[in-house]
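# Structure at a glance
Here are the chains, one letter per residue:
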Amino acid sequence: MLYVRSFTDVLSGYLDWHLSRLKLMARFTSSVLTLTTTNLWKVALALKAAPKQESNYRRIQRFLSGYEVDFTALGGLFCCTCSRRLRPTKS
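Residues numbered from 1 in each chain as written. Predicted model: local features only at pLDDT ≥ 70, side-chain atom pairs only at ≥ 80, totals over all residues. Heavy atoms only, no water.

### Details of the overall build of the protein
- Regarding its fold elements, the protein presents five helices and zero strands.
- Each helix and strand of the protein, placed in order from N terminus to C terminus, yields the pattern α-α-α-α-α.
- Across the 91 residues that make up the protein, the buried fraction comes to 26%.
- Partitioning the contacts of the protein with sequence separation of at least 6, the portion at a separation of at least 24 is 36%.
- Surface exposure of the protein reaches about 6900 Å², of which carbon and sulfur atoms provide 57%. (Helix = DSSP H or I, 4+ residues; strand = E, 2+ residues; numbered from the N terminus. Buried < 20%, exposed > 50% of the residue type's maximum accessible area, 1.4 Å probe, protein only. Contact = heavy atoms within 4.5 Å. Areas by Shrake-Rupley, 256 points an atom, 1.4 Å probe, with all protein chains shown as cover.)

### Section: the nonpolar core
- Residues Leu11, Leu15, Trp17, Leu22, Met25, Ile60 and Phe63 are the most contacted members of the largest nonpolar core, which totals 15 residues.
- Put simply, the parts of the chain that give this core at least two residues each are helix 1 (4-14), helix 2 (19-35), helix 3 (40-47) and helix 4 (53-65).
- Counting residues per element, this core draws most heavily on helix 2, which supplies five residues. (Core = buried A, V, L, I, M, F, W, Y, C linked by side-chain atoms within 4.5 Å.)

### Things to note about helix 3
- Within helix 3, burial applies to Val43, Ala44, Ala46 and Leu47. Mapping the buried residues of helix 3 onto a view down its axis gives an arc of 165°, with all of them on the same face.
- On its buried face, helix 3 sits against helix 2 and helix 4.
- Where helix 3 starts, the residue carrying a side-chain oxygen 2.9 Å from the main-chain nitrogen of Trp41 turns out to be Asn39.
- Trailing helix 3 by a residue or two, Lys48 shows a phi angle of about 55°, which is positive. (Arc of directions from axis to C-beta. Polar contact = N/O pair within 3.5 Å; in protein donor to acceptor, adjacent residues only side chain to side chain.)

### With respect to the layout of surface pockets
- There is about 150 Å³ of room inside the second largest pocket.
- Every residue lining the second largest pocket is listed: Ser20, Arg21, Lys23, Leu24, Arg27, Arg59, Arg62 and Phe63.
- If you list the elements that add at least two residues to the lining of the second largest pocket, you get helix 2 and helix 4.
- Its residues placed into classes, the lining of the second largest pocket shows two nonpolar, one polar and five charged. (1 Å grid on protein atoms, 1.4 Å probe; cavity = no way out; pocket = protein on both sides within 12 Å on 5 of 7 lines; lining within 4 Å. Points joined across faces, edges and corners; volume = space filled by probe spheres on them. Nonpolar A, V, L, I, M, F, W, Y, C, P; charged D, E, K, R; others polar.)

### What about the side chain of Asn56?
- Mapped onto the fold, Asn56 is located in helix 4.
- Separated by 3.2 Å, the side chain of Asn56 and the backbone oxygen of Ala44 make a polar contact.

### As for helix 2
- Taking 1.5 Å per residue as the helical rise, helix 2 with its 17 residues ought to reach 24 Å, and the 24 Å between its terminal C-alpha atoms agrees with that figure.
- Taken together, the buried positions of helix 2 are occupied by Leu22, Leu24, Met25, Ala26, Phe28, Ser30 and Ser31.
- Remark: Thr36 follows helix 2 within two positions and exhibits a positive phi of approximately 50°. (Expected span 1.5 Å × (residues − 1).)

### Description of the environment of Arg5
- Mapped onto the fold, Arg5 is located in helix 1.
- Exposure remark for Arg5: the relative accessible area of 71% places this residue in the exposed category.

Written out as structure tokens, the structure is:
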């Protein structure tokens, strides 16, 4: 998957998560944006993190159901990312 490693590096600067969670978040986000769907079965197929689609599907379910997200940290990440893109460029 494109840019998963660089996205994982960016996430690690904002979120105090274990590396496996960061990688899953990066792959999950990339898959959702690429496929433009929230169907977890299709996202699991696109993850390519495990040999079996069922395994990826269960991994996504566990990630979404059993982990509390610090929305303040995520908000800071999104604001920082968006503000970089919205800055006017110098000509």
